[in-house]
Amino acid sequence: MTAYEYRAGLEGVPATQSSISFVDGQKGILEYRGIAIEELAAKSTFLETTYLLIWGELPSREELSAFENEIQYHRRVKYRIRDMMKCFPESGHPMDALQASAAALGLFYSRRDLENPAYIRETVVRLVAKIPTMVAAFQLIRKGNDPVQPNDGLSYAENFLYMLNEKKPDPLAARILDISLTLHAEHTINASTFSAMVTASALTDPYAVVASAVGTLAGPLHGGANEEVITMLEAIGSVENVRPYLEDRLERKAKIMGFGHRVYKVKDPRAIILQDLAEQLFEKFGRDKYYDIATELERAVEEKLGNKGIYPNVDFYSGLVYRKLGIPLDLFTPVFAIARVPGWLAHWKEQLAENRIFRPTQIYTGVHDAPYIPIEERRSSMTTME
Ligand code: CMC
């Protein structure tokens, strides 16, 4: 093969063969292991879905219970990791804190036994169990408090809210967080999953795999968009200001956060479910004025950009859900990361099963046979730091 077609952002280029999830962007379908996301949101739990994604089948009652017990047992993090987090600047972004702490786990669990199913399981359990504890620990530490230890009597989502707020959460709030985690658990070859797969393909350790994916997820074009959506709704400020704001952004060719998707050309099925979850929360805990701004913005964007296939993506309504759950704005993307760990690890496991290191090619656009100019003859175009 000598001729290559270059596609910016690898749009439409298959990077792997996978049986983990499926998206039909024209029909608005998302399936995990063949099961519709709507079914999983209504009937499953995040840990059951994690099991499904990693091992390919829904667990039996005994298998699920054993998995849940293992996760519960491994939720704590070593005091040295907590102490390390105490040295992080409190003004730093929690995604950076999470990336550093996820990578640090590799120091403590340095054994690498990638062909051993027991090692795969133990790694999945450790990462799924410990990532929420580390997110909550940084939140408390940066406020000057000691982290709250996990509570063995609480489910996965309940325990995360408990570690953040130091009190047992409302059952509806915990169930809605659990559904939201399920919705975010996996999404084919998105940027962070691709990062995870590339890192995995070098046979590096799984903690580095997750750390590299966290770094990618943090970007505003990817997981960071959920935080930017709320900042945008706050900047809009009122329903009346929605259309002038939109006109101004479009005139400046700026993106509207929480809209558009490389694959979906209709409303993201996860956004439909998240909007419903937000409404359930508003009914129980009071309406959020930003919801009215959001629905008006959705209408206005559809009128202006619907013909281009620009509709709300997963990040558009998730921020409103997290806000109502009392999660601080800059923890929205770390919560997305907690949810996406199973997806990253499912792809890590799949990659290892038939590994070939990623090594794409490029189309060279530089010069050839350039002269080596002696230093005294070179002109400087360097800008200096003030
Ligand atoms: N607002 C306004 N115009 C948009 C938007 C948007 N949010 N998204 C795409 N477009 C337009 C874009 O201007 C371009 O128009 P034209 O063809 O006239 O130049 C066309 O649609 C194609 O856009 P693109 O940027 O080439 O599309 P992409 O597939 O490279 O990017 C995207 C997909 C998600 C990065 C992009 O839609 C975007 O930047 N959205 C805003 C950020 C966001 O919400 N990100 C979350 C993504 S979904 C979940 C996740 O990954 O976390």
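Conventions used here
All residue numbers refer to positions counted from 1 along the written sequence of the respective chain. Note on the predicted model: pLDDT of at least 70 is required for a residue's local features to be given, and 80 or more for side-chain atom pairs to be given and counted; whole-chain, interface and lining totals, by contrast, use all residues. Heavy atoms throughout the structure, all of them, feed into the side-chain values; hydrogens and water do not. The helix and strand labels rest on DSSP assignments: H or I over at least four residues marks a helix, E over at least two residues marks a strand, and numbering proceeds from the N terminus. The globule rule is 2.2 Å times the number of residues to the power 0.38, and the radius of gyration it is compared with is taken over C-alpha atoms. Accessible area is worked out with a 1.4 Å probe on protein chains only. A residue is then buried under 20% of its type maximum, exposed over 50%, and partly exposed in between. Working rule for contacts: check all heavy atoms of both residues, and any pair within 4.5 Å makes them a contact. Accessible areas in this description were obtained via Shrake-Rupley with a 1.4 Å probe; residue shielding takes into account the shown protein chains only. Charged-residue counts in this description rest on Lys and Arg as positive and Asp and Glu as negative, His and the chain ends being excluded. All charge positions are set by atom: Lys at NZ, Arg at CZ, Asp at CG, Glu at CD. By nonpolar core we mean a set of buried residues, namely Ala, Val, Leu, Ile, Met, Phe, Trp, Tyr and Cys, connected to one another through side-chain atoms within 4.5 Å. Residue ranges for the domains trace back to a domain assignment, done automatically or taken from a database. Paired strands, as defined in this entry, are two strands with at least two bridges between them according to DSSP. Expected span of a helix, by definition, is 1.5 Å for each gap between consecutive residues, and there is one gap fewer than residues. As used here, the arc belongs to the directions running from the helix axis to the C-beta atoms. Between N-to-C directions, angles cover 0 to 180 degrees, with each direction set by a line fitted to C-alpha atoms, over the stretch in contact for helices. Oblique is the label for every angle not falling under 35 degrees (roughly parallel), over 145 degrees (roughly antiparallel), or within 65 to 115 degrees (roughly perpendicular). By convention the crossing between two helices is left-handed if the near helix lies anticlockwise of the far one by an angle smaller than a right angle, and right-handed if it lies clockwise. Definition of a polar contact: a pair of N or O atoms within 3.5 Å, with one able to donate and the other able to accept a hydrogen when the atoms are protein atoms, and with sequence-neighbouring residues admitted only if both atoms are side-chain atoms. Proximity is defined per residue: any heavy atom of the residue falling within 4 Å of a molecule or strand makes that residue near it. Any Lys or Arg side-chain nitrogen located within 4 Å of an Asp or Glu carboxyl oxygen qualifies as a salt bridge.

## Some remarks on the overall build of the protein
The helix and strand tally for the protein stands at 16 helices and three strands. Taken over C-alpha atoms, the radius of gyration comes to 22 Å for the protein, in line with the 21 Å a tight globule of 386 residues would show. In the protein, which comprises 386 residues, the share counted as buried stands at 50%. Counted over contacts in the protein with a minimum sequence separation of 6, partners at least 24 positions apart contribute 76%. Summed over all atoms, the accessible surface of the protein reaches about 19600 Å², with 51% contributed by carbon and sulfur. For the protein, the centre of its 44 positive side-chain charges and the centre of its 51 negative side-chain charges are spaced 2 Å apart.

## With respect to the nonpolar core
Residues I131, L177, M232, L233, L297 and I327 are the most contacted members of the largest nonpolar core, which totals 111 residues. Top element by residues in this core is helix 6 (residues 117–142). It accounts for 14 residues. Composition of this core by domain shows at least three residues from each of domain 1 (18–220 + 338–353) and domain 2 (225–324).

## Examining the sheet that holds strand 1 (residues 21–24)
Taken together, three strands build an open sheet; the order of strands is 1-2-3 and the sheet is antiparallel. Looking at which strands have only one partner, the edges of the open sheet turn out to be strand 1 and strand 3 (35–36). As paired strands, strand 2 (residues 29–32) and strand 3 are joined by two bridges and run antiparallel to one another. Within strand 3, the position partnered with E31 by the bridge is A36.

## Overview of helix 3 (residues 61–73)
For helix 3, with 13 residues, the first-to-last C-alpha span of 18 Å sits near the 18 Å given by 1.5 Å per residue. Among all positions of helix 3, only L64, F67 and I71 are buried. End-on, the buried residues of helix 3 take up no more than an arc of 65°, which puts them together on one face. Exposed side of helix 3, more than 90 degrees from the buried face: R61, E62 and Y73 are the residues found there.

## Observations concerning the packing of helix 12 (residues 242–251) against helix 14 (residues 289–305)
Put simply, helix 12 and helix 14 touch, their axes get as near as 10 Å, and they point 45° apart. In terms of orientation, helix 12 and helix 14 fall into the oblique class. Helix 12 and helix 14 meet at a crossing whose hand is right-handed. Here V242, R243, L246, E247 and L250 of helix 12 come into contact with helix 14, specifically with I293, E296, L297, R299, A300, V301, E303, K304 and L305.

## Quick look at the packing of helix 11 (residues 225–236) against helix 15 (residues 314–324)
Running from N to C, helix 11 and helix 15 cross one another at 80°; their axes reach a closest spacing of 8 Å. Comparing their axes, helix 15 and helix 11 come out roughly perpendicular. Between helix 11, through A225, N226, V229, I230, M232, L233 and E234, and helix 15, the contact on the second element is made entirely by D315, F316, S318, G319, L320, Y322 and R323.

## Side note on the side chain of Q275
Turning to its location among the elements, Q275 is positioned in helix 13 (residues 269–285). Polar contacts involving the side chain of Q275 include one to the side chain of Y291, which spans 3.1 Å. If we ignore the near neighbours within four places in the chain, the residues touching Q275 are K267, Y291, T295, E298 and Y317.

## Re the environment of A208
By the element assignment, A208 lies in helix 10 (residues 206–217). For A208, a relative accessible area of 25% puts it in the partly exposed group. Linking A208 and E122, residues 86 residues apart in sequence, is a C-alpha distance of 16 Å.

## A short note on the site of the ligand
Surrounding the ligand, one finds 19 residues, the nearest of these being H222, K255, I256, R262 and K308. In the environment of the ligand, an oxygen atom lies 2.6 Å from a nitrogen or oxygen atom belonging to the side chain of H222. Residue D315 places a side-chain N or O atom 2.8 Å away from an oxygen atom belonging to the ligand. Relative to its unbound accessible surface of 920 Å², the ligand loses 69% to contact with the protein.

## Things to note about the domain arrangement of the protein
Structurally, the protein comprises domain 1 (18–220 + 338–353) and domain 2 (225–324). The C-alpha centroid of domain 2 is placed 26 Å from the C-alpha centroid of domain 1. With 25 residues of domain 1 at the interface, the matching set in domain 2 holds 22 residues. Summed over the shared surface of domain 1 and domain 2, the number is one salt bridge.

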